[in-house]
Amino acid sequence: MKRSTKIGTIILAFFLIITIVIVGRTMIGNHFKKKFSKRPPPGIIVTEVVVKNFSQKVSTYGTATPFRTKSYKIEKYEIVSPIEFNKRLKKGDLITELKTRNLIASFDGVVTKRDFSNDIKVSESSLLINLEDTSIIYVDVDIPEIYSRFIEENLNVDVKFSGNNDKIYSGIIDSTSGRIDIEKRSLATRIKLKNDNFDILPGSLLEVTIKYNEKNSLGIPDTSLMMEGDKTYVYKVSEKNITNKTEVVIGIRDSGFIEIVSGLSQGNNIVAEGLKKVRPRLEIKPIKKGAKKVKSNWKKKVEPKKNETKKSKFDWLKKLNIFNKSEKKDTKK
């Protein structure tokens, strides 16, 4: 074989090997790229469109007033038996015995003491007491004029007492004034609520929330909404877990939920949180809102059994000391 032919064969074989290596690497790279480049669908919190109670609210403050109050003025020298204050009495029970007459409770209530001011001389010889019926509490509040057209009798009212913030008392609007106060620009309104357990004391400051325009409508969490100009959108999740951008018409907001007027139906699944991770036509892994997260135990250290003791990293030193002691004993012998 000629020398030039050998050189040509070697060059051809060299380029052939390089070509095989490049093609092989490309094919292997494409194989692993297809195998590992497909990411699993992201876990996104979803929730269901449900029917909820919606209402608009007006909040204000007022003072607790007992349902009935009757006052008695007593001369101290006439008192025969001591008066028991803050005691709950029934109708017909004896309040106190006087020299000239007996004071009888005309209704169920509590006897309370009301002192005159120190600068009134009559307080030295007289005593003023009240019999108060606190089974029902009245609260007089002033509602701003702009809400006056919504306020009417028998509207539901939520009342909170500063002495027990965890409990909400239910009341209604008992009556309203027939005119607007020209100085306060407000409507005088009286609220009535039952005080069966006598939790609320007369004179207590109460937080009052009047609910109007109550209705049952479709509702979703307000974290589900996307605002784009004048339009509002949500991500609706299909049966195949594909997200679709859907325009909705919203109503009033109430306690973290938004009323849906149109665009969704009851039972639809929508993205509840994590809107930045979602885009149209994206496959997701739905996670129900409120579901408990499974905690991993891989970080937990294995605790020794009761009969076992933890091994110390200095155990080898103890063994060494034992051996040294045994050697010393042998040398002494």
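In this report, we go over the structure that sits alongside the text. Everything quoted here is computed from the prediction, not taken from an experiment. (Residues numbered from 1 in each chain as written. Predicted model: local features only at pLDDT ≥ 70, side-chain atom pairs only at ≥ 80, totals over all residues. Heavy atoms only, no water.)

1. Focus on unusual backbone geometry
Negative phi is the rule for most residues except glycine; trans is the rule for most peptide bonds.
Point 1. Backbone geometry places Asn86, a non-glycine residue, at a positive phi of 60 degrees.
Point 2. Its location among the elements puts Asn86 in the loop between β2 (50-75) and β3 (88-89).
Point 3. Owing to a relative accessible area of 62%, Asn86 belongs among the exposed residues under this scheme.
Point 4. At Asn213, a residue that is not glycine, the phi angle is positive and equals roughly 55 degrees.
Point 5. Relative to the helices and strands, Asn213 is located in strand β11 (residues 205-221). (Helix = DSSP H or I, 4+ residues; strand = E, 2+ residues; numbered from the N terminus. Buried < 20%, exposed > 50% of the residue type's maximum accessible area, 1.4 Å probe, protein only.)

2. Let's talk about the environment of Gly256
Point 1. Structurally, Gly256 is set in the loop between β14 (243-254) and β15 (257-262).
Point 2. Here the alpha-carbon distance between Gly256 and Asp222, two residues 34 residues apart in the chain, equals 5.8 Å.

3. Some details on the pattern of salt bridges
Point 1. The final tally for this structure, using the stated rule, is 12 salt bridges.
Point 2. The shortest N-O distance in the salt bridge between Glu259 and Lys215 comes to 3.2 Å. Highlighted residues: Glu259 in strand β15 and Lys215 in strand β11, separated in sequence by 44 residues.
Point 3. Residues Asp222 and Arg253 are paired through a salt bridge, measuring 3.2 Å at the closest nitrogen-oxygen approach. Remark: Arg253 occurs in strand β14 and Asp222 occurs in the loop between β11 and β12 (226-228); sequence separation between them is 31 residues.
Point 4. Overall, Asp222 belongs to the partly exposed group, its relative accessible area being 29%.
Point 5. Among the residues examined, Arg253 registers a relative accessible area of 55% and is labelled exposed. (Salt bridge = Lys/Arg side-chain N within 4 Å of Asp/Glu carboxyl O.)

4. Describing the nonpolar core
Point 1. Judged by nonpolar contacts, the single largest core of 21 residues is most densely connected at Val139, Ile191, Ile200, Leu206 and Ile210.
Point 2. Listed by contribution, the elements that provide at least two residues to this core are β2, β7 (126-144), β8 (156-161), β9 (164-181), β10 (186-194) and β11.
Point 3. What Val139 contacts, discounting residues up to four positions off in sequence, is Gly62, Thr63, Thr189, Arg190, Ile191, Leu193, Leu206 and Val208.
Point 4. Residues Phe107, Leu127, Ile129 and Leu131 belong to the second largest nonpolar core, which totals 13 residues. (Core = buried A, V, L, I, M, F, W, Y, C linked by side-chain atoms within 4.5 Å. Contact = heavy atoms within 4.5 Å.)

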